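Chains, contacts and geometry: an overview
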Amino acid sequence: MDNILEFIDVNAGYGRVQILNDLSFEVKKGEVYGVIGPNGSGKTTMFNALLGLIKPGSGRIIFDGVDITRMSANVRCKMGLGRTFQIPRPFENMSLYENVLVAAVHGSAQSERFAKDHALSSLKLTGLYDKRETRAGELTLLDRKRLEIARALGTDPKLLLLDEVAAGLTDAEVKDMMELVASLKDSGYSIIWIEHIIETMVGSTDSLMCMAQGSCVISGDPREVIESEEVQRLYLGVEDDE
Amino acid sequence: MAKRRLKGGNVRVLDSLPMLIICIALVSALYFVCLARIASNNSMRYMIQIFLYITMAEMWNLLSGFTGMTSLGQQLYIGLAGYSVAVATTKLHLTLGLGLGIGVAISVVVALVMSLLLYRMEGMYFSVATWVVAEIFEKLFLNWKYVGQGSGMTIRIVPYPRIHEICVVALTVCVFAVATVYLLLRTKVGLGLTAMRDDIGAASAVGVNVFNHKLLVYAIAAAFTAIAAGIFLVNKGIVYPESGFSISWTVSLIFIVIVGGSGTVGGPIVGSVIYVFLQEYLARFPGWSNIILGTITILTILFLPKGIVGTLQEKLGFEIFSAKRFSYAKHR
């Protein structure tokens, strides 16, 4: 099995409003898969469908060889889907260590004794180890975004979903984040990364998909995708209007 | 000493051994006061109230402070327990212990049935639904001939338990309640509950089974609330629909938890002591007492949103009954 994830003709939306239209794409094991697209193109809805927060009307989602289209969000998390929130939502009154411990204990169903080492290694990987006893409410934005990733790693995911982890950061911080994602890839995680900053995506993804109106416009090599006529028209066209 | 400075962290906790010693000493002293009848009957009446309010408030705190289930309907279990005891002892001539047991069993069953309905609702909707269900039960008992309709039932137990006996039972229930909450928080479930306290959506996203946690807590709360209420009403000697199923029970619990400190184990203990004495003092100003209690609650929310214990813990950086986990602590 080469693909960690496949979307096959997925249709989904909220109530009667359909957002995803026959969305199909596949993510290979071990790659960083970037997703771009104008506002309202369905990127976050795709995540929600993948996480089981909304149920597709039709189509199939295959994760690691298993059809998860009808599974609950809870089961998907335990199967190895780790997510970050676009706006960080740490457990503010708990220490960083406790934040990640919750994920390690409940996300991968371990006892606290065994979860501890895993929690600590997640903190090390994200560069938060020295701050592990700090209250999460006291963190800066960059560290909050790092904590989102550490907590997702705590659940021992096979596929990591990053929702705009670089948004709102300074240029130097974005660079830190790119390095972090690169080191996660080196550790063997497969990653889907939604982001608006195009340079970031070209530099740090293996494949790139551009979405519009709930479908895949084009996907493939990041540079080719960015330079394609479709993306130029879509993306720069939108920016010209503003 | 009992405290220890933990490197890097900004919170110190009371170690488990010193905490255990202090608790055992304190609880033994209280048992001694009750059994040796050092305290007057009047002070024992206060003590009973404090012990039972602590029990019920710890449970309400577990519901609202940790899982976000702000129930306005805990009086449902109070009424059910009161009537269970009354019917069991007065009508069926069973022992008080059996009556209390029946009350707990009925409450847990009702809680489990209710949960099917209530978990479809969240926040305000949950609060209102719990209240409405309690009101429905009040009307039910108001029209039920067997339990005396509106005039209720007098609880007759032969021989009627003496006040110091009630006091000992109340203390025991209280100790069990606090210990249950504390030990629960120290388990894997407690870690999940603490996360749910801070952000229920994020807790769910990292794999905490929110539904199961809520169900467990709701059932535990129903059981302890029922047994505490049963003893409370035995002490009063009478139960009727408007008293058993009155929302004022839950209002008292809200006052206790908010003033004491929501989301802490110590908060309900401090809050209960304050509430019982304040209520006694305010009895001199009939009609004004609820206004004054309400004002205190609002002022606390505005100026001490974490309550007395929560604020103290933050200012001193020291926690008793702490559920904190440290990365360098030895495995428990």
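Quick summary incoming for the structure in this document. Bear in mind that the values here come from a model prediction, so they are computed numbers and not experimental data. (Residues numbered from 1 in each chain as written. Chains lettered and ligands numbered in written order. Predicted model: local features only at pLDDT ≥ 70, side-chain atom pairs only at ≥ 80, totals over all residues.)

**With respect to the overall build of chain B**
To keep it simple, the criterion reads: Strands are runs of DSSP state E lasting at least two residues, helices are runs of H or I lasting at least four, and both sets are numbered from the N terminus onward. For the radius of gyration, the atoms used are the C-alpha atoms, and the globule rule reads 2.2 Å times the number of residues raised to 0.38. To assign burial, the other C-beta atoms lying within 10 Å of each residue's own C-beta are counted, with C-beta atoms placed from the backbone; 20 or more indicates buried, 12 or fewer indicates exposed, and intermediate counts indicate partly exposed. Working definition of a contact: two residues with C-beta atoms, positioned from the backbone, lying within 7 Å.
Looking only at helices and strands, one finds 14 helices and 4 strands in chain B. In terms of overall dimensions, chain B is globule-like: its C-alpha atoms have a radius of gyration of 20 Å, near the 20 Å expected for 332 residues. Seen through its principal axes, chain B has C-alpha atoms that stretch 65 × 50 × 40 Å. For chain B, the proportion of its 332 residues judged to be buried stands at 44%. Of the contacts made within chain B by residues no fewer than 6 positions apart, 77% connect residues no fewer than 24 positions apart.

**Quick notes on the sheet that holds strand 8 (residues 190-194) of chain A**
All names here are of chain A. As a reminder of what qualifies: A pair of strands is treated as paired once DSSP finds two or more bridges between them. To get an axis, fit a line to the C-alpha atoms, keeping to the stretch in contact for a helix; angles then go from 0 to 180 degrees between the N-to-C directions.
An order of 6-7-8-3-9-10 is seen for the 6 strands of this open sheet, with the pairing classed as mixed. The open sheet terminates on both sides in strands that have one partner only, identified here as strand 6 (81-83) and strand 10 (215-220). Taken pair by pair, the neighbouring strands of this sheet meet at an average axis angle of 20°, ignoring direction. Its contacts with the sheet place helix 1 (residues 43-51) against strand 3 (32-36), strand 6, strand 7 (159-163), strand 8 and strand 9 (207-212), and it is angled at close to 145° to strand 7.

**Examining the nonpolar core**
Condition: We define the nonpolar core as any set of buried residues of the types Ala, Val, Leu, Ile, Met, Phe, Trp, Tyr and Cys, connected via C-beta atoms lying within 7 Å of each other.
Core analysis: the biggest nonpolar cluster contains 158 residues, and Val102(A), Ile191(A), Ala170(B), Ile227(B) and Ile231(B) have the highest contact counts within it. The leading source of residues in this core is helix 2 (residues 41-67) of chain B, at 15 residues.

**Let's talk about the pairing of strand 2 (residues 17-28) of chain A**
Residues and elements named next belong to chain A. Relative to strand 2, strand 1 (residues 3-14) is paired through 8 bridges, and the arrangement is antiparallel. Paired with leucine 5 across the bridge in strand 2 is valine 27. From the end of strand 1 to the start of strand 2, which pair antiparallel, there are 2 residues, and glycine 15 there has a positive phi angle of about 60°.

**A look at the interface of chain B and chain A**
What counts here: Classification convention: Asp, Glu, Lys, Arg as charged; Ala, Val, Leu, Ile, Met, Phe, Trp, Tyr, Cys, Pro as nonpolar; all other residues, Gly among them, as polar.
Across the boundary between the two partners, chain B contributes 22 residues, which contact 27 residues of chain A. Sorting the residues of the side of chain B that touches chain A by element identifies helix 7 (188-198) and helix 8 (200-205) of chain B as the ones contributing at least two each. A breakdown of the residues in the side of chain B that touches chain A according to their chemical character gives 8 nonpolar, 10 polar and 4 charged.

Nothing here speaks to function; it is geometry throughout.
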